[in-house]
Amino acid sequence: MRFHRTVTPLIYYIHMTKSALQIARAAYQPKLPKALQGPVVAKEGAATQSVGDQEKIKQLFPNTYGLPVIEFEASAATTQQPAVNVGVILSGGQAPGGHNVISGLFDGVKSINPASKLYGFILGPGGLVDHNYMELTADIIDEYRNTGGFDIIGSGRTKLEKEEQFEKGIEILRELNIKALVIIGGDDSNTNACVLAEYYAAKKYGVQVIGCPKTIDGDLKNEQIETSFGFDTACKTYSELIGNIQRDCNSARKYWHFIKLMGRSASHIALECALQTQPNICLVSEEVEAKEQSLDDVVNYIATIVAARAAKGDNYGTVLIPEGLIEFIPAIKKLIKELNEVLTDPATGEPREFAGAEEQIAFVESHIAKDNLAVLKSLPEDVARQLCLDRDPHGNVQVSLIETEKLLSRMVAKRLAEWKQAGKYDGKFSTQHHFFGYEGRCAAPSNYDADYCYSLGFNASRLIAAGKTGYMSIIRNTTAPAAEWVAGGVPITMMMNIERRNGADKPVIRKALVELDGAPFRYFAAHRDEWAQATSYVYPGPIQYFGPTEVCDQSTKTLQLEQAR
Ligand code: FBP
C-alpha cells in the first residue's frame, strides 16, 4: 500500500505498531498516595536495627546502619529545589511495572526542578560499569508509560559487588553529574545497592543510592515491604491461563494438567495462583521441606488424589507445582549440595573439567556418599543425568532446568500402574504439561502494579530530594484505595542478616519464603481437601484495565489475606 505524505500514514503506522489497548492505556494516569501529590516533609522514626547479626552488620555498614524509617507527609512548603541528575538501573528478571517506576521517577525528578535529568544505564548494572547509558527524555518516557517489559533500557544480571565496579561507576556518574542512582531489583540487587551506598558514603563521593523492590517471585517482602512489584500482574496472568486450562479440563474431562510456575525458590506464586483458581492440587515447597517429605511422599500424595477422583469417575484435574520444589525435598537438597561440592575443584574453586558426559557421571557416582548415590539412582535416568551434567557459570547444578512437571507426572503414572495391578485403582491417567513463567513477566501492568510502581518511582525522587542514601523506596497500606497509601523509605540495612553464600559469610537481605503459619497458607490448607475432591475451579479471566473498581483494582489474595481485608 502506498500513502501520500499526509497525516494518514502516521495514523496507519501507529495503528500497525500498537494495539488498541496500548494506545488507550498510554493515557492512563497512575494514582499517587495523597502525601505525594504535593510538597512533602519527611517524618523520621527511631534508629533501626538489622533483622539479625546486628553487630556484624553495623561494622560492615558504619555509614548507613541504624538510620530511621521515613514516612512522607504533605507539607505546605513550596520552595523550588535545585535540579538533580539521577541515574536508573533495571536489575535481574523482568517484572511488570518497571517502566512505571521509571516514569514515576522521571515525573518526580522533573517536579523537583524541570532542569533535572534522568539517565538510564543500559542492560542492567553492567551499563554503569561499561559506561553504557542514554538520557531518558519526555518523548521516550511517554512511549513506555503503563507498558510491560524492561525494554526501555533493558535489564541484566551483572552483580555490582566489587570495588573496581564501584570505581568505574563513579567515573561515569561524575561525568554526567549524577547525584543519585536508583537500582530497581530483587533482594540481591538491593543488597548490592546498599553495599554501593555504603561505599560511596564512606568515600564521600556525594552520590546517593536508592533501591526499589522488584521481582515477580514475591520473596522480597517483610514488615516494611508489603510486596515486590510485578507479583500482582504475573500471578493474575498465570491465573488467567490456569483458569482457562481448568475450564478446558472441566469441559473435556480427560486430562490431568501438570502446571509448573516460576518463582525460583519461594512458592508465593504457586500459592497465590491456587488462591485465585482453586486447583485440585497445589504443592508448596516450604511445606514439603517442613514435613521432611521425600519425592516418593509427594508422588503418593498426588496419586492418592488422582485415584480418589477416579473412583468418582473424574479422570481429570489440575496440579500446580512451584519451580523450586525439587530443591526443597530434603534428600534431594542434600544430594545437590554434595554434587555442587564434588563437581568443584577444591584447589581453584572453579568447576572441574571432564573429557565428556560419561566421565563426569562416573566421577560423580564414585565420589558421592552412599545415601546420596541411592537418591540419585532412584530418580528417572534423564533427571539424574541432568543433575550430574547441567551447571550454571558458577558451577552449580541447574535445578530450574529440571522439568518437574514431567518428572512428577511420570512418577505418578508409574505409581498408579502399580496400584492398578494391586486392584487399588481403576481409572485413566492422561496428562498435559505446562510451564508458566516468561508469559507473565512482561505483561502490561495491572492497575495495582501501574499505580504501585509509579508511586515507588515518584517516591524514590522524594527520598533523593530529602538527601537519603542506602534506603529502599516503600509504599504501604496498598489494599486501601491509592490515595490512602503510605509513602516513605526503609534503610536497607534494617532488612539484612548474615548468610553463608558460596562458602563465605555475607550480609544479605533476608529472603521471604511462604510462612506456613501465615494467613495465605492457612486459608489454602483449610480448603485444599475440598478443592481436591470437588471440582471448585475459579476462572479469573484476563486482567481488566478499564471497568468497575472491584474488577480492575484488586490486589492479590495473598495481600488481602495478610492484611485481613
Ligand atoms: P528476579 O529474582 O531477578 O526478579 O527473577 C525472577 C525470575 O523470573 C525467577 O522466577 C526465575 O527463576 C528466574 O527469574 C529466571 O531467570 P532468567 O530470566 O535468567 O531465565
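Small disclaimer: the values here were computed from a predicted structure and weren't measured.

Colleague: Before we move on, could you go through helix H16 (residues 370–378) and cite the residues and values that matter?
Modeller: Here H16 has its buried residues at Asn372, Val375 and Leu376. In an axial view of H16, the angular spread of the buried residues amounts to 100 degrees, which keeps them on one side of the axis. In H16, the exposed residues that point more than 90 degrees away from the buried face are Lys370 and Lys377. For H16, the elements touching its buried residues are helix H14 (330–342), helix H15 (357–367) and helix H17 (381–389).

Colleague: Provide a residue-level description of the site of the ligand, including the pertinent values.
Modeller: As a matter of local geometry, the ligand sits amid 13 residues, with Gly93, Arg157, Asp217, Tyr438 and Arg441 nearest to it. A distance of 2.9 Å is found between an oxygen atom of the ligand and a side-chain nitrogen or oxygen belonging to arginine 441. Within the complex, the protein chains bury 79% of what would otherwise be the 490 Å² of accessible surface of the ligand. Split by residue class, the shell around the ligand holds 3 nonpolar, 4 polar and 6 charged.

Colleague: Tell me about helix H12 (residues 295–311), and name the residues and values.
Modeller: Since the α-helix packs 3.6 residues into each turn, any two residues three or four apart lie on the same face. When the terminal C-alpha atoms of H12 are compared, their 24 Å separation across 17 residues agrees well with the 24 Å that a helix rising 1.5 Å per residue should span. The set of residues buried in H12 consists of Leu295, Val298, Val299, Ile302, Ala303, Ile305, Val306, Ala307, Arg309 and Ala310. Phi turns positive, to about 85 degrees, at glycine 313, one or two residues after H12.

Colleague: Outline the pairing of strand S7 (residues 208–213), listing residues and values.
Modeller: A regular strand places its side chains so that they alternate between the two faces of the sheet. Within S7, 6 of the 6 residues are buried, which leaves it mostly tucked inside the rest of the structure. Examined bridge by bridge, strand S6 (residues 178–185) and S7 share 6 bridges and lie parallel to one another. Looking across to S7, one finds that isoleucine 184 is bridged to cysteine 212. The β-α-β motif built from S6, the intervening helix H8 (residues 187–202) and the parallel element S7 has right-handed crossover chirality. Bridge count for S7 against strand S12 (residues 471–476) is 2 bridges, and the pairing is parallel. Bridge pairing in S12 links isoleucine 210 to tyrosine 471.

Reading the values: rules and limits
- Residues numbered from 1 in each chain as written.
- Predicted model: local features only at pLDDT ≥ 70, side-chain atom pairs only at ≥ 80, totals over all residues.
- Heavy atoms only, no water.
- Buried < 20%, exposed > 50% of the residue type's maximum accessible area, 1.4 Å probe, protein only.
- Helix = DSSP H or I, 4+ residues; strand = E, 2+ residues; numbered from the N terminus.
- Arc of directions from axis to C-beta.
- Contact = heavy atoms within 4.5 Å.
- Near = heavy atom within 4 Å.
- Polar contact = N/O pair within 3.5 Å; in protein donor to acceptor, adjacent residues only side chain to side chain.
- Areas by Shrake-Rupley, 256 points an atom, 1.4 Å probe, with all protein chains shown as cover.
- Nonpolar A, V, L, I, M, F, W, Y, C, P; charged D, E, K, R; others polar.
- Expected span 1.5 Å × (residues − 1).
- Pairing = 2+ DSSP bridges.
- Right-handed = clockwise from strand over helix to strand, strands pointing away.

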